[in-house]
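Here is how the chains run, residue by residue.
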Amino acid sequence: MMSKFYLFIVIFAVVNLSHQLYLPGLAPVVYCSDNHNTICKNEVKLYVNRLDSEESFLPYEYHHFDFCEPEDDMKVVDPVENLGQVVFGERIRASPYNISFGNKESCRKVCTKQYTKNDKDNNQKKLKFLKKNIGLNYQQHWIIDNMPVTWCYPVDEKQNYCSTGFPIGCYVDKNLEKKNACVIDPLFNTKDTYYVFNHLHLIITYYEQQEDKASYIISINAQPRSIDHGNTATMTTCNLDSIHPMAIQLNTDFDITYSFSYEFVEDKTTKWSSRWDYILNSMPHTNIQWFSIMNSLVIVLFLSGMVAMIMLRTLHKDIIRYNQMDSVEDAQEEFGWKLVHGDVFRPPARGMLLSVLLGSGVQIGIMVVITLVFACFGFLFPGNRGALMTCAMVAYVFLGSPAGYISARIYKMFGGEKWKSNVLLTCFFCPGVVFVLFFLLNLVLWINRSSAAVPFTTLLVLLLMWFGVSVPLTFLGAYFGYKRMVIENPVKTNQIPRQIPEASFYTKPLPGIIMGGILPFGCIFIQLFFILNSIWSHQMYYMFGFLFLVLCILIITCAEATILLCYFHLCAEDYHWWWRSFLTSGFTAFYMFLYSIHYYYTKMNVTGLTNAFLYFGYTLIMTWMFFLFTGSIGFLACFWFVRKIYSIVKVD
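Since the structure is predicted, the reported quantities are computational estimates derived from the model, not experimental observations. (Residues numbered from 1 in each chain as written. Predicted model: local features only at pLDDT ≥ 70, side-chain atom pairs only at ≥ 80, totals over all residues. Heavy atoms only, no water.)

Overview of the overall build of the protein chain
A count of helical and extended segments in the protein chain gives 18 helices and 17 strands. Residues classed as buried in the protein chain amount to 52% of the 652 residues present. Restricting to contacts in the protein chain with at least 6 residues of sequence separation, those with at least 24 account for 78%. Accessible area for the protein chain stands at about 32300 Å²; split by element, carbon and sulfur atoms hold 61% of it. (Helix = DSSP H or I, 4+ residues; strand = E, 2+ residues; numbered from the N terminus. Buried < 20%, exposed > 50% of the residue type's maximum accessible area, 1.4 Å probe, protein only. Contact = heavy atoms within 4.5 Å. Areas by Shrake-Rupley, 256 points an atom, 1.4 Å probe, with all protein chains shown as cover.)

Remarks on the pattern of salt bridges
Per the counting criterion, the structure on display carries 8 salt bridges. Across the pair Asp 66 and Lys 113 runs a salt bridge whose closest N-O atoms are separated by 3.5 Å. Here Asp 66 is found in the loop between strand E3 (56-60) and helix H2 (83-88), whereas its partner Lys 113 is found in strand E5 (residues 105-115), with 47 residues between them in sequence. Of the residues examined, Asp 66 reaches a relative accessible area of 16% and is grouped as buried. Between Asp 145 and Arg 275 there is a salt bridge; the shortest N-O distance is 2.8 Å. Of the two residues, Asp 145 is situated in the loop between strand E7 (142-144) and strand E8 (147-148) and Arg 275 in the loop between strand E17 (254-266) and helix H4 (277-281); the sequence distance between them amounts to 130 residues. Connected via shared salt-bridge partners are Glu 61, Glu 81 and Arg 93. (Salt bridge = Lys/Arg side-chain N within 4 Å of Asp/Glu carboxyl O.)

A few points about unusual backbone geometry
Phi is mostly negative for residues that are not glycine, and the peptide bonds are mostly trans. Of note, the phi angle at Leu 176 is positive, near 60°, even though the residue is not glycine. Judged by relative accessible area, Leu 176 falls into the partly exposed class, the value being 48%. Although it is not a glycine, Asn 180 adopts a positive phi angle of roughly 50°. Tracing the backbone through its elements, the reader meets Asn 180 in the loop between strand E13 (178-179) and strand E14 (193-196).

Some remarks on the sheet that holds E5
Sheet architecture is open: 4 strands sit in the order E5-E17-E15-E16, paired in mixed fashion. Bordering the open sheet on either side are E5 and strand E16 (215-225), each of which pairs with just one other strand. Taken pair by pair, the neighbouring strands of this sheet meet at an average axis angle of 20°, ignoring direction. Each of E5 and E17 is contacted by helix H3 (residues 123-135), which is oriented at about 125° to E5, the strand it contacts most. (Pairing = 2+ DSSP bridges. Axes fitted to C-alpha atoms, helices over the stretch in contact; angles between N-to-C directions.)

Looking at the pairing of E16
Counting buried positions over the 11 residues of E16 gives 8, a clear majority of the element. Where strand E15 (residues 199-208) and E16 come together, 10 bridges link them in antiparallel fashion. Each residue of the ladder has a partner; that of His 199, found in E16, is Arg 225. From the end of E15 to the start of E16, which pair antiparallel, there are 6 residues, and Lys 213 there has a positive phi angle of about 60°.

Overview of the packing of helix H17 (residues 588-603) against helix H18 (residues 609-647)
With their axes 9 Å apart at the nearest point, H17 and H18 run at an angle of 160° to one another. Judged by the inter-axis angle, H17 sits roughly antiparallel to H18. Considering only the axes of H17 and H18, their crossing is right-handed. Where H17 approaches H18, its residues Thr 588, Ala 589, Met 592, Phe 593, Ser 596, Ile 597, Tyr 599, Tyr 600 and Tyr 601 are matched on the opposing element by Asn 611, Ala 612, Tyr 615, Phe 616, Thr 619, Leu 620, Met 622, Thr 623, Phe 626 and Phe 627. Among the residues forming the contact of H17 with H18, the class breakdown is 14 nonpolar, 5 polar and no charged. (Parallel < 35°, antiparallel > 145°, perpendicular 65-115°, else oblique. Left-handed = near helix turned anticlockwise from the far one by under 90°. Nonpolar A, V, L, I, M, F, W, Y, C, P; charged D, E, K, R; others polar.)

Considering the nonpolar core
Ranked by internal contacts, the top residues of the largest apolar core, which has 154 residues, are Ile 99, Leu 130, Leu 202, Trp 577 and Val 642. Element by element, the count of residues in this core is highest for H18, at 19 residues. Apart from residues lying up to four places away in sequence, Leu 202 is in contact with Leu 46, Ile 99, Ile 144, Val 149, Ile 220, Asn 221, Ala 222, Ser 261, Tyr 262 and Glu 263. By size, the runner-up hydrophobic cluster in this structure holds 10 residues, among which are Met 352, Ala 408, Tyr 411 and Val 471. (Core = buried A, V, L, I, M, F, W, Y, C linked by side-chain atoms within 4.5 Å.)

Thoughts on the state of the cysteines
Taken as a whole, this structure holds 4 disulfides when the rule is applied. With a sulfur-sulfur separation of 1.8 Å, Cys 68 is cross-linked through a disulfide to Cys 111. Measuring the twist about the S-S bond at about -85°, one finds the Cys 68-Cys 111 disulfide to be left-handed. On the criterion of sequence distance, the pair formed by Cys 68 in the loop between E3 and H2 and Cys 111 in strand E5 is long-range, its members being 43 residues apart. Note on cysteine connectivity: Cys 170 is disulfide-linked to Cys 182, with sulfurs 2.0 Å apart. Taking the sign of the S-S torsion, about 85° here, the bridge from Cys 170 to Cys 182 comes out right-handed. A residue pair is termed long-range when its members are at least 10 positions apart, and Cys 170 in strand E12 (residues 169-172) and Cys 182 in the loop between E13 and E14 qualify at 12 residues. Accessibility assignment for this pair places Cys 170 and Cys 182 in one class, buried. (Disulfide = S-S within 2.5 Å.)

Overview of the sheet that holds E12
Judged by pairing direction, the sheet is antiparallel, and its 3 strands sit side by side in the order E13-E12-E14 without closing on themselves. For this open sheet the edge positions go to E13 and E14, each flanked by a neighbour on one side alone. In this structure, E12 lies alongside E14, joined through 4 bridges in antiparallel fashion. Residue pairing across strands places Tyr 171 opposite Tyr 194, the latter belonging to E14. Packing of H3 onto the sheet brings it into contact with E12 and E14, and relative to E14 it is tilted by some 100°.

Side note on the packing of helix H8 (residues 387-398) against helix H11 (residues 456-483)
One can describe the packing of H8 onto H11 by two numbers: an axis separation of 8 Å at closest approach and a directional angle of 35°. Along the contact surface, H8 presents Met 393, Val 397 and Phe 398, while H11 presents Leu 462, Met 465, Val 469, Ser 470 and Leu 473.

Topic: a nonpolar patch on the surface
Taken together, the side chains of Val 436, Phe 439, Leu 440, Leu 443, Trp 446, Ile 447, Phe 456, Leu 460 and Phe 613 define a hydrophobic patch exposed on the protein surface, amounting to about 830 Å² of accessible area. Secondary structure elements with two or more residues in the nonpolar patch: helix H10 (419-447) and H11. Looking at the nonpolar patch element by element, the count peaks at 6 residues for H10. (Patch = residues over 30% accessible without salt bridge, like charges linked within 9 Å, V, L, I, M, F, W, Y side chains within 5 Å.)

Examining the side chain of Asn 198
Relative to the elements of secondary structure, Asn 198 occurs in the loop between E14 and E15. By relative accessible area, Asn 198 is classed as buried at 2%.

Digging into the environment of Phe 616
Mapped onto the elements of the fold, Phe 616 is located in helix H18. Note on Phe 616: relative accessible area 19%, which makes it buried. As a C-alpha pair, Phe 616 and Tyr 600 span 16 residues in sequence and 9.0 Å in three-dimensional space. Each residue touching Phe 616, except ones within four places of it in the same chain, is listed here: Phe 593, Ile 597, Tyr 600 and Tyr 601.

Limitation: the analysis is restricted to geometry and does not speak to function.
What follows is the structure, given as C-alpha cells:
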C-alpha cells in the first residue's frame, strides 16, 4: 500500500513538472492585427514583476510603489506562479497597460497620482518612498509574451547592453553629478533633484511569416522618459522632446501623470526561436567568460593529468615492491602505507555524524547533476521562470532515499548500533541547518515587507514536502541500507590501535586540508564570479553546458586531490583518513566563502546591516551545501582508493 502511495506521488510530481517545462521554439503565440480572428491574438498582454536594485537586496512588489494599477472594472487575471518563482521572490501581476497588435499609440494617459501638502492620505510617505528608491536605482521588470521588456543603452562604441529592467527614475546630486540613468539626457541638469520616469515608449519588433502571415513578437525595447505633462485634463499627446522633465517635489501639492506610447516594427531577419539572443549576446564579459572558462579547463585538465600520472606510477612501484616481500625478514621491515593495513579501516570518531554528512552530500550531488542535465537540454531556459529552483527543490525532496541508504550503509560499516538516531539526523540535521538560516533570512525580508519574503503558506508547502515526502523516503532508503550485508573491508582491523609517528609539517592534518581545497577552487572561481553576478546583479545565467563541464572537472579534481593527499598521509603511517578525506575536498567551500567576501566588498555597491545580513546569510547556505557536496566527493573517492590498494597487496 505504501509503495503505491509513493508511486502516485512520483507520477504526480513528474506530470506537474512536465507542464512547466519549456523548450525554446516549441509553442509561440501567434498575433495579428485582426481583432475578430480566432486563430491569432490581437491583444498583447503586459505584465509587471517585482522591482529590484543592484544597490539593495530588498526587492518589492509593483503595488508597493505608488504606480498605476488596473482599475476595478478591468477584467484582469494574474498569472499563476510556480514554487520556484515564489521562493525567488518573483511576483508577476496584471497591468493597466493595454496594447493592440499592429497599432501605433502616440500617447495614452494611464493614471494621475496626486500628492497633497496636508498629507491626509499619507501620500507624502509614498512619494518619499519613491524618491528614496530612485536614489537606489530600482528597476522595473515588465513582461510581454514571456519576454522581458529590455532597456538597451551603449556601453562602448561597438556594443549595446540590453538590461532586462528599466529604471524608475534618476538623481542629480548636489555637485551636479548625474547618477545612473540621468547621463542619457542633458535636460537632467538641476542639482540635488530626483527625476521620475513617468512615460515609457515601447518599440515592439515582430517577425511575420510570408507563408501564412502569422506574426510573432521578437523583442520589446523600452525608452523611459521623464515628462512634465502640465495640465493633464487637456492632455492629448506626449511631447517626447519636452524641455521640462518631471522632478519630484516634496511638501507641496504635486501630481505625477503616468503615460505610455508604443509602436510595432517588423524584423525580417530574427526568427522567434532565436529571439533571446540579443539579450544574451549583449551581456557584459561574455567573450571574457568564454576565454576564461577554456583557459581554466586547460589548466585544470593539465594538473589533473599530472596528478593521475604521478599516482599511477608511484602506486605501481609500491604494489610490485610489497608483493615481492616473501621472506619473514622482509615482512618485518615493512614500511609506507602497507604498514598501517591493520588500522586503516578502524572506525573513526563521530562516525554517525560523518555518515549523516555523507548521505546529505550525496543527495545534494545527485540533485545538482539532475538539475544541470535538465538545464543543458533547455528545459530550464530563462524563459521558463522559476523552473530552475522548482526542479532543484523537487529533485532534492525525492532524493531522500539515496541519502538514507548511503548514511545507513556507512554507519553500519562503522559498527554503529544507534540506527534510529542515524536516520533522524539524516532527515533533519543538514536540511534543518538550511531551513533555520532560510527562516531567519525570510524573517528579515518579512519585516522589510520585501517581495522576496516567502509567504507563510509557501513555507507550509515546503515543510510538507520535507516532512511528507523527503523524510519518509529517507527512512525507506535507510531501511534498505540496513537490510544489506555490512561492507566487508579487504583487510582485518587490529584490536590495539597502532601509534602514529610524529608527522612532518605538510603531512599534518590542517596543512593538508588547507592545501586540498586550492586546486578544486581553482577550476570553479571563474564560474563562481558569473554565478554571483547572476544572483546579486540580476544578470541571466545561461551557459549551463559550460557549467556542467566545470562540474565534471570539479568532481575529478576533488577526487584526485583528496586521493593524492590521502596517499601521502598513509605513507607517513597516519591512518586517520576518514574525516580528513571529507574535510580536504570540503575545504573548497571555505575558499568559496572567502571569495564571496571579496566579491561583496569589491563588486557590490550596497550598504547597511540588512543587506550584509541577507548576503552573508544566503552565502552561508550555499557554502554549507557546497561543503557537503565536495566533501562527499573526496570521501567516496578516497574510500574507493584505500579499498583498492589494500585489496591488491598481499597482507599476512
